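Remarks on the overall topology
As a plain string of letters, each chain reads:
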Amino acid sequence: MPNILVCTDGSAYAPSIYDHAAWAAQRLDASIHVLHLVDPHHETASGADLSGALGIESQSALMEELVQLEATKAKLAHTKGRAILQVARDTLAQAGIAKVVADQKHGSLSDSLETYEPEADLVVIGKRGENTSLDFKHLGSNLERVVRTCHHPVLVASRIFKPVRRVLLAYDAGPSANRAVDYVASQPLLTGASIHLLSAGSESTRLTEGTAAAKQKLVDAGFEVKSELRPGHPIDVIGETVKKDGIDLLVMGAYGHMHIRHLLIGSTTATLLRTCAIPALLFR
Amino acid sequence: MSAISYKQQWFGNPVRDIVAGAVVALALIPEAIAFSIIAGVDPKVGIYASFCIAVVIAFVGARPGMISAATGAMALLMVTLVKEHGLEYLLAATVLTGVIQIIAGIFKLGDFMKFVSRSVVTGFVNALAILIFMAQLPEFHGQGLMMYGMVAAGLGIIYGLPRITKSVPSPLVCIIVLTGLSMFMGWGAGDNPLLRTVGSMGTLPSTLPMFLIPDIPLNWETLMIILPYSLPLAVVGILESLMTATIVDDFTDTSSDKSRECIGQGVANTVSGFFGGMAGCAMIGQSVINVKSGGRGRLSTFCAGIFLLILCVALGQWAAQIPMAALVAVMFMVSIGTFSWSSFKNIRLYNRSSSVVMIVTVLTTVFTHNLAAGVGAGVILSALFFVFKISQLLHIDSTLDESGEERTYRIRGQLFFVSAGSFGDAFDFREVLTKVRIDVSHAHFWDITAISALDRVVLKFRREGAEVEIVGLNEASKTLVLRLATHDKPGAMDEMEGH
């Protein structure tokens, strides 16, 4: 039985995350593992004594103080976590998902993924989380790391869940795009939806051949496919299409371009996630 | 370590790190100057060293949040080298120390830290505190009551100010107040001032450090001069750095790679040597201050180094006016803060051997002024105590059967060179027996002395006409298989794990 890993922090996106997870679980007939992480944030400090002086036995005094402080914070975080998990269990039970395991663990999401991700076939995470500011200018802080480290597809949930009828598959003939095509063709996740296979940029044999092969695979799997190559920058082309055609889900390979380009110009994936207010299914 | 977590170690806690770095820098200025004076070099050597080491460690160290700079432990080992051969040889020794530390890190020699027991570590820390305290006493020579008064006032400010407000570093206030007072009253002026100032002890930095290759002949003789200093420097540097790294690990509830830290320390020391600085290592006191002030990442160490240099270069003229009394007061604070007072309070609670090891470490260090010697003595002594304790784990009992002619001896415990001596005394050779059975299946034989002790007992019984049977020798000598490998049985090594 396939397993879906749902990462939640109980923020404004949580209800939508559970809805997306329930939709995927029903389609794939999968069990759900809801994971909440209590992150102690050891890289930041909570208090500061700027006196710069060392008293007598300052080392053990400081240790005591730090342990006390963190113990109090941890206990509060546990209680909050338990409430979050209960909400998750109730929501998913209402949606009719039979097998749900919900637990909370210590650690940061990026470090813990290595332990939990291998057992999952799909990972669901919100586009933003606790640190959401209302103007939605930034993506969640964990998002990039999660998508980069996951070997399995990642479903990034948007603010509100809508049934998926029209899917845009951004295709550039690269390895992750091909993986996306294979997944869509072989898994029952998107059956019944119409697929718009869109490539942006200049024509090339590789792209034409790749698109033809991909379209064939999807048609064989029983999908209604429309393929198109449009000139222009991927971000503009895809953004426009999403708005114009009322796309419900964006499927694409993620973070494919070189790291340097990402540092200097900004990642195509991140920009698309930010500007298109729809869920996305990302492949590495 | 991934690029993302490296970035997080730099920028995960920016505001607090910068503030903590500033607090640490202010506390580091008097220490860098004071440690240079201990070593017998210009204050600028200590300041360049602290700057180079702190900045380089920020990039290559393995323990974010730990402060490394010029330290008292290292300074104390350099005194004779500077006195006999001068600054250039010190810089060369620093570079060699760095190289040795890099090699030690590559070969993971830092793992030998596990042989240094807690008592030795406590002894090291206490001895360091005592030596720092003692190094301040020469400052009082030839200075009148004024000096005592100023030092007392300084200590009053350092310990009193945190009671009023915790948002300003009290050592800094102490220095500013005393410097202001001394300048205003003119106590530091003139050729024979009432109050000696830092300026009279040597030059302060006026420029950024410059790259220079130490001016020494590159031959075997030079190597023989600096090697006896570089080795203890490398050992003490690694020891104190790994100890401090463990402490910061505990504070931040994260772990760090100790071998990478060794390599980082080595690189920092090498760079420091080429830029006119002395050798240094991690500092327990400053790291505690850093964590206390909210510093957790590499940015705090980096800022500490940068602020230190900027302040010293920019405020050089005023820094020269700081009265030594102010530095002495700050050093007294460091010494009192470093000393582990609980170790003396609890001396009755802990068992005697731990306390003896600690005291021997302290005394050896204080009398030789060499921390490495103290640690060596402590390690040897703690090993010997352990061996002695284990040798007590030997029990021999026996039963006589109904006929009164056969006795079975049961040996339990650890048999090795220390316990083998008393092994023979447990057997009653005056008894007349036809058969003796010696059951060693619950004993462990650790070396050849043990086997020969058993042989001698067997021979003695046979001489007296008794027939001797040994039961369970295979099990008992499994611990020998590790070394001698003559009785290699298949599967013997797997069963070793069970011991």
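Residues numbered from 1 in each chain as written. Chains lettered and ligands numbered in written order. Predicted model: local features only at pLDDT ≥ 70, side-chain atom pairs only at ≥ 80, totals over all residues.

With that settled, consider the sheet that holds strand β8 (residues 224-230) of chain A. Either a parallel or an antiparallel arrangement is found when strands of a sheet pair, and the pairing is made through backbone hydrogen bonds. Residues and elements named next belong to chain A. Pairing is mixed in the open sheet, where ten strands are placed in the order β3-β2-β1-β4-β5-β10-β9-β6-β7-β8. For this open sheet the edge positions go to β3 (100-106) and β8, each flanked by a neighbour on one side alone. Ignoring strand direction, the axes of neighbouring strands in this sheet form an average angle of 20°. Relative to strand β2 (residues 31-38), strand β1 (residues 3-8) runs parallel, the two sharing six bridges. Across the sheet, the residue bridging to threonine 8 is histidine 36, located in β2. (Pairing = 2+ DSSP bridges. Helix = DSSP H or I, 4+ residues; strand = E, 2+ residues; numbered from the N terminus. Axes fitted to C-alpha atoms, helices over the stretch in contact; angles between N-to-C directions.)

Take the interface of chain B and chain A next. Each partner contributes to the interface: chain B provides 41 residues, whereas chain A provides 23 residues. Of the residues belonging to the side of chain B that touches chain A, the class tally is 20 nonpolar, 15 polar and six charged. (Contact = placed C-beta atoms within 7 Å. Nonpolar A, V, L, I, M, F, W, Y, C, P; charged D, E, K, R; others polar.)

This part takes up the sheet that holds strand β3 (residues 394-400) of chain B. Residues and elements named next belong to chain B. Across the sheet, which stays open at both edges, the four strands sit in the order β3-β4-β5-β6 with mixed pairing between neighbours. Each end of this open sheet is capped by a strand with a single partner; those strands are β3 and β6 (467-471). Here the strands of the sheet are splayed against their neighbours by 15° on average, with no regard to which way each runs. Of the pairings in the sheet, the one linking β3 to strand β4 (residues 406-415) comprises seven bridges and is antiparallel in character. Of the residues in β4, the one forming a bridge with histidine 395 is arginine 412.

A separate point is the domain arrangement of chain A. Residue and element names in this part refer to chain A. You can read the domains of chain A as domain 1 (1-42 + 61-161) and domain 2 (162-251 + 270-279). The gap between the C-alpha centroids of domain 1 and domain 2 is 27 Å. Opposite the 15 residues of domain 1 that make contact, domain 2 presents eleven residues. Sorting the residues of the side of domain 1 that touches domain 2 by element identifies α1 (14-28) and β5 (154-157) as the ones contributing at least two each. With four residues, α1 is the largest single contributor of residues to the side of domain 1 that touches domain 2. Looking at side-chain class alone, the side of domain 1 that touches domain 2 contains nine nonpolar, two polar and four charged residues. (Domains from an automatic or database assignment.)

All names here are of chain B. Here β3 folds back onto β4 in antiparallel fashion, the turn holding five residues, of which glycine 404 has a positive phi close to 80°. Here nine bridges tie β4 to strand β5 (residues 435-445), and the two strands are oriented parallel to one another. Each residue of the ladder has a partner; that of arginine 410, found in β5, is aspartate 439. Traced from β4 through helix α18 (residues 417-423) to β5, the parallel crossover comes out right-handed. (Right-handed = clockwise from strand over helix to strand, strands pointing away.)

Our focus in this paragraph is the packing of helix α9 (residues 220-252) of chain B against helix α10 (residues 258-274) of chain B. Residue and element names in this part refer to chain B. Contact geometry of α9 with α10 gives a least axis separation of 10 Å together with a crossing angle of 130°. Judged by the angle between their axes, α9 and α10 are oblique. Considering how the two elements wind past one another, α9 and α10 form a crossing that is right-handed. Within the contact between the two elements, α9 uses Gly237, Ile238, Ser241, Leu242 and Ala245 and α10 uses Lys258, Glu261, Cys262, Gln265 and Asn269. Looking at side-chain class alone, the contact of α9 with α10 contains four nonpolar, four polar and two charged residues. (Parallel < 35°, antiparallel > 145°, perpendicular 65-115°, else oblique. Left-handed = near helix turned anticlockwise from the far one by under 90°.)

Take the pairing of β6(B) next. Residue and element names in this part refer to chain B. Where β5 and β6 come together, five bridges link them in parallel fashion. Bridged to aspartate 439 within β6 is valine 471. Assessed by its sense of winding, the connection that carries the chain from β5 through helix α19 (residues 448-463) to β6 is right-handed.

What follows covers helix α16 (residues 352-368) of chain B. Residues and elements named next belong to chain B. With 17 residues, α16 should cover 24 Å at 1.5 Å per step; its first-to-last C-alpha distance of 24 Å lies within 8% of that length. Buried within α16 are the following residues: Ser354, Val357, Met358, Thr361, Val362, Thr364 and Thr365. Across the axial projection of α16, the buried residues extend over an arc of 165°, all falling on one side. Facing away from the buried side of α16, by more than 90 degrees, are the exposed residues Arg352 and Phe367. (Expected span 1.5 Å × (residues − 1). Buried ≥ 20, exposed ≤ 12 C-beta atoms within 10 Å, placed from the backbone. Arc of directions from axis to C-beta.)

Turning our eyes to something else, we now look at the nonpolar core. Soluble globular proteins tend to bury their nonpolar side chains together. Judged by nonpolar contacts, the single largest core of 135 residues is most densely connected at Cys52(B), Met74(B), Leu308(B), Ala325(B) and Leu327(B). Top element by residues in this core is helix α2 (residues 14-39) of chain B. It accounts for 16 residues. Among all residues touching Leu327(B), those that are not within four sequence positions of it are Pro30(B), Ile33(B), Ala34(B), Val198(B) and Ile322(B). Membership of the second largest hydrophobic core comes to 73 residues, among which are Ala24(A), Leu168(A), Leu190(A) and Leu198(A). (Core = buried A, V, L, I, M, F, W, Y, C linked by C-beta atoms within 7 Å.)

Here we come to the environment of Val379(B). All names here are of chain B. Mapped onto the elements, valine 379 comes out in helix α17 (residues 371-391). The class for valine 379 is partly exposed, based on 17 C-beta atoms found within 10 Å. Counting along the chain gives 258 residues from valine 379 to valine 121, while the straight-line C-alpha distance between them is 9.7 Å. Beyond its immediate stretch of four places on either side in the chain, valine 379 contacts Phe115, Val116 and Val120.

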